[in-house]
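These are the residues of each chain, in order.
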Amino acid sequence: MAHDQNNIELHMKQAEAINMVYELISEPKLFKTFVEKIVAYNDIDPELSGIKTALKNSADLATKIVKPPDIDLSRDIGVIVVGLDHKNQVSHVPPGLSDWVGAKFIGDKNGIGWVEIEHDERKNVAHILDIDAHDHLPIHKSLHEAFQKNQISKLIILHQFVLSSVALNALKQLYNLTDSEMQLCNLLSKGNTLAECSEITNVKKSTSRTHLKNIFSKIGVNNQSALIRILTQISAAAAIQDFGRKKNIPLAPDWHNGLVSQQTLIFKSRFNTKVTYSKYGDPNGRPVLFFHCGFGARHHSRQMAQAAKDKGLLIYKFDRPGFGHSELVPDMSIKSIAAVTEDLLEHLNLKSIDAIGFGIGGRTLIDSLQYLSGRIKSATLYSFRGVIEGYKGSLMKRMSYLIWHRPKIFIQFVRIARLHSSNGVAAGHLREYFRDSEADKAYLSDDDTLTQMLTEMHLATRQDFQGSYFEHLNLKAPLPEFSLPAYDIPINFIYGDKDPFNTYEDNQRLIDLIPKAQINTIKNKGQLFITHNFKAFLKEAKI
């Protein structure tokens with residue numbers, strides 16, 4: 001009898017633990033409180049006895065509860081498939097998109113329409129898929145299961161991207177659209193009304209109406225709904241074509257428009273590990289290597305690609321070991337990261353290259369120079385992260401604190417958050433993190449900047465942030481002696497005066513060790529300046 005009682009108590013404890021995991025991974029406020037308690041408890045119990053094991057078990061359980069799909073539709077293909085209930089409200093979504101649940105689909109008889117969230121300014125172009133599409137589309141398994149239970153009445157595609165260069169090129173070639181007409185198509189595809197398009201492009205509404213009539217005539221449609229269907233179909237086809245080409249890597253990107261989409265190029269390092277990278281800008285331009293920040297990956301925006309092209313640069317941005325899809329090397333060290341970097345240059349048939357470093361990527365670049373003698377011609381570092389202090393502010397600052405003090409605990413948090421945090425929640429955390437910088441807050445009000453940051457974060461965490469974990473740990477190590485010829489290159493440190501996290505004053509001791517250091521502080525710029533306005537950054541950098 002006592003044995004049965006013990007089993008009952010054990011099952012009750014297990015049920016309670018599972019319930020806590022469900023609450024932790026679904027309730028953002030609880031997640032924030034839990035992180036705060038762990039950070040505070042660290043001062044009392046440095047060993048955090050018992051908590052590390054419990055959190056790891058919770059993370060393991062969370063991974064079993066929700067397994068992310070192999071294909072990230074929102075990033076790899078550019079479309080998101082969700083399910084509607086019998087009231088035409090979004091009821092079933094892939095992991096990480098819970099902020100769309102409850103959104104209302106409003107469409108015409110052809111199935112073209114909009115999805116709107118109450119009390120939210122966002123509205124996304126959407127259209128209904130054939131009911132049998134769930135048999136062959138790579139949609140999340142939860143949608144398949146919901147169909148079997150008759151919980152979904154319709155599948156719809158949400159379009160959450162600007163028309164890609166491939167799609168715009170297809171429009172131009174198929175229908176001979178002018179630049180103004182393509183710009184109007186692009187704005188309409190993002191959910192803007194004709195009046196809003198006129199305001200954005202600073203033209204009269206009558207001019208926009210004329211452009212729209214010309215578009216109707218050239219494409220052969222009679223109304224805006226039919227136009228949206230054409231735009232979404234071309235966009236989806238172009239994006240899926242790009243995704244399909246990834247399966248035949250390495251494949252040269254399409255430079256017809258001078259810009260590239262988010263391709264994934266791959267090579268094998270000397271450690272027989274996979275390394276992934278992208279390239280963008282001018283295909284005949286001067287090569288530049290980009291070391292991304294600790295919360296980043298190889299993702300880049302269309303604006304960055306255009307800025308690089310205008311500057312005559314061909315920029316390579318790669319996932320360092322442990323980030324994105326680049327596999328960890330057997331012995332993670334600065335020397336091995338430098339070796340992988342050298343392997344990339346060999347793969348690209350480049351003897352030497354100029355380099356950009358952002359945040360922790362800048363520190364990693366500086367540390368790697370001792371092993372890259374003659375391979376890096378110059379280094380331009382923005383928001384250089386030479387030291388790190390214990391952050392006790394917003395949730396993301398506390399997470400940074402955990403990377404520094406309790407990396408194993410941080411990784412478990414990332415595993416849970418990566419599976420279950422919606423874009424809306426993550427966006428809120430980002431805005432909270434940068435609340436002390438007016439410049440960065442302004443950058444995050446731009447949807448394209450916010451989308452790029454969220455995409456980078458999702459991509460970077462694919463390996464439980466192992467790469468970032470190592471590079472944060474490396475910050476504890478002192479900079480190497482700057483007496484080797486490898487450091488005898490121009491090194492330019494750029495700071496935004498509105499960046500409170502990485503300042504020249506914080507890093508002056510380290511920078512003073514560098515023989516050819518140049519300092520450039522630019523006014524009214526924050527930490528996100530390099531990604532938000534890459535064109536202005538390149539001008540300041542003088543690369």
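Preceding block: the structure.
Residues numbered from 1 in each chain as written. Predicted model: local features only at pLDDT ≥ 70, side-chain atom pairs only at ≥ 80, totals over all residues. Heavy atoms only, no water.

1. Quick look at the sheet that holds strand 9 (residues 286-291)
Condition: By this definition, two strands are paired if DSSP reports at least two bridges between them. Starting at the N terminus, helices and strands are each numbered in turn, a helix being any DSSP run of H or I of at least four residues and a strand any DSSP run of E of at least two. Only C-alpha atoms enter the line fits that serve as axes; for helices the fit covers just the stretch in contact. Angles between N-to-C directions range over 0 to 180 degrees. We call two residues contacting when some pair of their heavy atoms lies within 4.5 Å.
Here we have eight strands laid out as an open sheet, ordered 7-8-10-9-11-12-13-14, and mixed in their pairing. This sheet does not close on itself; its edge strands, each paired only once, are strand 7 (265-268) and strand 14 (517-522). Geometrically, the sheet is characterised by an average inter-axis angle of 25° between neighbouring strands, direction not taken into account. Its contacts with the sheet place helix 11 (residues 302-311) against strand 8 (274-281), strand 9 and strand 10 (313-318), and it is angled at close to 60° to strand 8.

2. Considering the packing of aromatic side chains
Each aromatic ring pair is specified by the distance between its two centres and by the angle formed by the two planes. Heads up, the condition is: Note on aromatic pairs: the rings of Phe, Tyr and Trp (six-membered ring only in Trp) are paired at centre separations within 6.5 Å, and the planes decide the class, stacked below 30 degrees, edge-to-face beyond 60, tilted for the rest.
Per the counting criterion, the structure on display carries 12 aromatic pairs. Both rings, one in Phe291 and one in Phe318, keep their centres 5.4 Å apart while their planes meet at 85°; by these two values the pair is edge-to-face. Of this pair, Phe291 sits in strand 9 while Phe318 sits in strand 10; the two residues are 27 residues apart in sequence, bridging distant segments of the chain. Ring centres of Tyr382 and Phe537 lie 5.8 Å apart, and the angle between their planes is 80°; this geometry places the pair in the edge-to-face category.

3. Some details on empty space enclosed by the protein
A probe as big as a water molecule, rolled over the atoms, marks out the empty space that is left. What counts, and what does not: A 1.4 Å probe that fits into a set of points on a 1 Å grid over the protein atoms alone but cannot get out defines a cavity; an open set with protein on both sides within 12 Å along at least five of seven lines defines a pocket, and lining residues are those with an atom within 4 Å of a point. Grid points are joined across faces, edges and corners, and a volume is the space filled by probe spheres set on the points. Throughout, the ten residues Ala, Val, Leu, Ile, Met, Phe, Trp, Tyr, Cys and Pro are labelled nonpolar, Asp, Glu, Lys and Arg are labelled charged, and all others, Gly among them, are labelled polar.
Evaluation of the coordinates by the stated rule reveals six cavities of 30 Å³ or more. As a volume, the second largest cavity reaches approximately 290 Å³. As for the second largest cavity, its lining consists of 21 residues, of which Cys293, Gly294, Phe295, Phe358 and Gln527 are closest to the centre. Taken together, the elements giving at least two residues each to the lining of the second largest cavity come down to helix 14 (395-405), helix 16 (423-433) and helix 18 (447-460). With four residues, helix 18 is the single largest residue contributor to the lining of the second largest cavity. Classifying every residue of the lining of the second largest cavity gives 11 nonpolar, eight polar and two charged.

4. Quick notes on unusual backbone geometry
Worth spelling out the cut-off: Using a 1.4 Å probe on the protein chains alone, a residue whose accessible area is under 20% of its type maximum counts as buried, one over 50% counts as exposed, and one in between counts as partly exposed.
The phi angle at Asn202 is positive, at roughly 60°, despite the residue not being glycine. The exposure class assigned to Asn202 is exposed, which follows from its relative accessible area of 71%. Backbone geometry places Asn524, a non-glycine residue, at a positive phi of 60°. Along the chain, Asn524 falls in the loop between strand 14 and helix 21 (529-532). Classification of Asn524 as exposed rests on a relative accessible area of 52%.

5. Quick word on helix 20 (residues 504-511)
Which entries qualify depends on this criterion: What the arc describes is the spread of directions from the helix axis to the C-beta atoms.
Those residues of helix 20 that sit buried are Asn507, Leu510 and Ile511. One side of helix 20 carries all its buried residues, which in axial view fall inside an arc of 90°. For helix 20, the exposed residues set more than 90 degrees away from the buried face come down to Glu505 and Arg509. Buried-residue contacts for helix 20 involve helix 13 (360-368), strand 13 (491-496) and strand 14.

6. Notes on the pattern of salt bridges
Our working rule: Here, a salt bridge means any Lys or Arg side-chain nitrogen found within 4 Å of an Asp or Glu carboxyl oxygen.
Following the criterion strictly, the structure yields 12 salt bridges and no others. Glu181 serves as the salt-bridge partner of Lys218, at 2.9 Å between the closest nitrogen and oxygen. Residue Lys218 is found in helix 9 (residues 205-219), and its partner Glu181 is found in helix 7 (residues 179-189); the two are separated by 37 residues along the sequence. With a closest N to O distance of 2.9 Å, Arg270 and Asp343 form a salt bridge.

7. Observations regarding the environment of Asp440
Considering the arrangement of structural elements, one finds Asp440 in helix 17 (residues 438-444). Taking relative accessible area as the criterion, Asp440 reaches 0% and is therefore assigned buried. Placed 89 residues apart in sequence, Asp440 and Phe529 show a C-alpha to C-alpha distance of 7.5 Å. When sequence neighbours within four positions are dropped, the list of residues in contact with Asp440 reads Phe434, Lys498, Gly526, Gln527 and Leu528.

8. Focus: the packing of helix 7 against helix 9
Relative placement of two packed helices is described by the angle separating their axes and the distance separating the axes. Note the cut-off: Angles below 35 degrees are treated as roughly parallel, those above 145 as roughly antiparallel, those between 65 and 115 as roughly perpendicular, and all remaining angles as oblique.
Interaxial distance between helix 7 and helix 9 falls to 10 Å at its minimum, and their mutual angle equals 95°. The orientation of helix 7 with respect to helix 9, classified from their angle, is roughly perpendicular. Between helix 7 and helix 9, the contacting residues are Ser180, Glu181, Leu184, Cys185 and Leu188 on the first element and Ser208, His211, Leu212, Asn214, Ile215 and Lys218 on the second. Residues that form the contact of helix 7 with helix 9 fall into these classes: five nonpolar, four polar and two charged.

9. Concerning the packing of helix 8 (residues 194-201) against helix 9
Convention followed: Helix crossings are classified by the rotation of the near helix relative to the far one: an anticlockwise turn of less than a right angle makes the crossing left-handed, while a clockwise turn makes it right-handed.
Packing of helix 8 against helix 9 leaves a shortest axis separation of 9 Å and a crossing angle of 115°. When the axis of helix 8 is compared with that of helix 9, the two are roughly perpendicular. For the crossing formed where helix 8 meets helix 9, the hand is right-handed. Of the residues in helix 9, those in contact with Leu194, Ala195 and Ser198 of helix 8 are Lys205, Ser208, Arg209 and Leu212. Tallied by class, the residues present in the contact of helix 8 with helix 9 amount to three nonpolar, two polar and two charged.

10. Things to note about the nonpolar core
Here is the rule: By nonpolar core is meant a set of buried Ala, Val, Leu, Ile, Met, Phe, Trp, Tyr and Cys residues that side-chain atoms within 4.5 Å join together.
Counting 38 residues, the largest nonpolar core has Tyr277, Tyr316, Ile366, Leu381, Ile491 and Phe493 as its most contacted members. Ranked by residues supplied to this core, first place goes to helix 12 (residues 334-347) with six residues. Of all hydrophobic cores here, the second largest spans 36 residues; its members include Ala305, Tyr443, Leu528 and Phe529.

11. Section: the pairing of strand 10
Burial runs high along strand 10: six of the six residues are buried. With five bridges joining them, strand 8 and strand 10 adopt antiparallel strand pairing. The residue of strand 10 that forms the bridge with Ser278 is Lys317. The pairing of strand 9 with strand 10 spans five bridges and is classified as parallel. When the bridges of strand 10 are listed, Pro287 appears paired with Leu314.

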